[in-house]
Amino acid sequence: MTDILTLVFRTFMSQTAVTKDLQVTALAPPTCSTLVLGDHSISRSLLLLAAVTAASEMGIKVMFFTHTQIQSLPVSLQKCVPNLSPESLKKIKFSYPRTVEELLQQVASLHESTNTCPSPPSLIILDGLEAYLRGPGGVSQSGFHPGEQSCAAHLSALLCDSSAFLTQLLKQRSPSSAPCRLIVSFQSEVDTVNASGDAFTKDPVLDVLDRYFQVRCTLDRDRSYEAAAAGLQEVWHIYLSGTGVTGACSTKECEDRPDVAQEWQLLIFPDGLMAFKLI
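Treat the numbers as computed from the prediction; the structure is a model and nothing was measured.

Mind showing me how you'd approach the packing of aromatic side chains here?
To describe a pair of aromatic rings, you give the distance between the ring centres and the angle between the ring planes. Inspection of every chain in the model, using the stated rule, returns three aromatic pairs. Ring centres of F9 and W264 lie 5.0 Å apart, and the angle between their planes is 50 degrees; on these two criteria the pair is classed as tilted. With a gap of 255 residues between them, F9 in helix 1 (residues 2–11) and W264 in strand 8 (residues 260–268) connect regions that are remote in the sequence. Comparing F9 with W264, the two get one shared label, buried. Between F9 and F276, the aromatic rings sit 4.8 Å apart at their centres with planes inclined by 40 degrees, giving tilted as the arrangement. Placement of the pair is F9 in helix 1 and F276 in strand 9 (residues 274–278), with a sequence separation of 267 residues. Grouping aromatic residues by their ring pairs yields a cluster made of F9, W264 and F276.

Mind showing me how you'd approach the sheet that holds strand 6 (residues 215–221) here?
Paired through their backbone hydrogen bonds, the strands of a sheet run either parallel or antiparallel. In spatial order, the strands read 3-2-4-5-1-6-7-8-9; together these nine strands make up an open sheet with mixed pairing. At either margin of the open sheet sits one strand with a lone partner, and together these are strand 3 (92–95) and strand 9. On average, adjacent strands in this sheet sit at an angle of 20 degrees to one another, irrespective of strand direction. As judged from the four bridges shared by strand 2 (residues 62–66) and strand 3, these two strands associate in the parallel manner. Bridging across to strand 3, F65 finds its partner in S95. Against the sheet, helix 8 (residues 148–173) makes contact with strand 4 (123–127) and strand 5 (181–186), and its axis sits at roughly 160 degrees relative to strand 4, the strand it touches most.

The rules behind these values
Residues numbered from 1 in each chain as written. Predicted model: local features only at pLDDT ≥ 70, side-chain atom pairs only at ≥ 80, totals over all residues. Heavy atoms only, no water. Phe/Tyr/Trp six-rings, centres within 6.5 Å; stacked < 30°, edge-to-face > 60°. Helix = DSSP H or I, 4+ residues; strand = E, 2+ residues; numbered from the N terminus. Buried < 20%, exposed > 50% of the residue type's maximum accessible area, 1.4 Å probe, protein only. Pairing = 2+ DSSP bridges. Axes fitted to C-alpha atoms, helices over the stretch in contact; angles between N-to-C directions. Contact = heavy atoms within 4.5 Å.

Right, here's the structure in full:
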């Protein structure tokens, strides 16, 4: 799925960034699944930007699941895409399941809706997986909710199965069709992640998710003095890693993190504008 993320990063690159040869991150079919790990507000903006880019630039249909209703597009997205056409937005279907049971039912129904829908979605997005895993069951002595791992496995398996099913359907209708991509965001209860994308305290749910998602996109905030002195509201490092990423990062920083295939920076300006920079 990193083809869409890379398209987002390239489309909204900072105009002051030095142009580099992007040797990146093609992900071979038939399966394309990416886990976005980190701050929920930033990951949601990134997922919405991916949905809008897929609909407007690639012309594909998007199924967007989220726990919290979207009343209006974030300011950051409005700044990035000020002239978004209503036709592009129509290609994105938003759904708001409140419980994990509702989410499972709606994901499973993707198999059924293809009988009446002339053109199935080519991108499935789930915003905020953690909201569906943390029910009222309480927290165990280890600090994690009991049942989270089995629930994460069940939901991830169904999402991947639906993506594979839709890929087959898209190929039947047009052999040249790209596979159905899948992006899921997850914010661990662990406070932060280190530069290589691994949590300081290992979240057992991440072990489960890594079995299903070939690519991990880790968001890590840069709190250095240099970031603050640049006059930016926020700076985030974006690390792409995993078995589904092809291509290699040639920078010194990536050499220090051999599991990272590519690194970008997300620059957030005081007016809300987002821009990306290849490191």
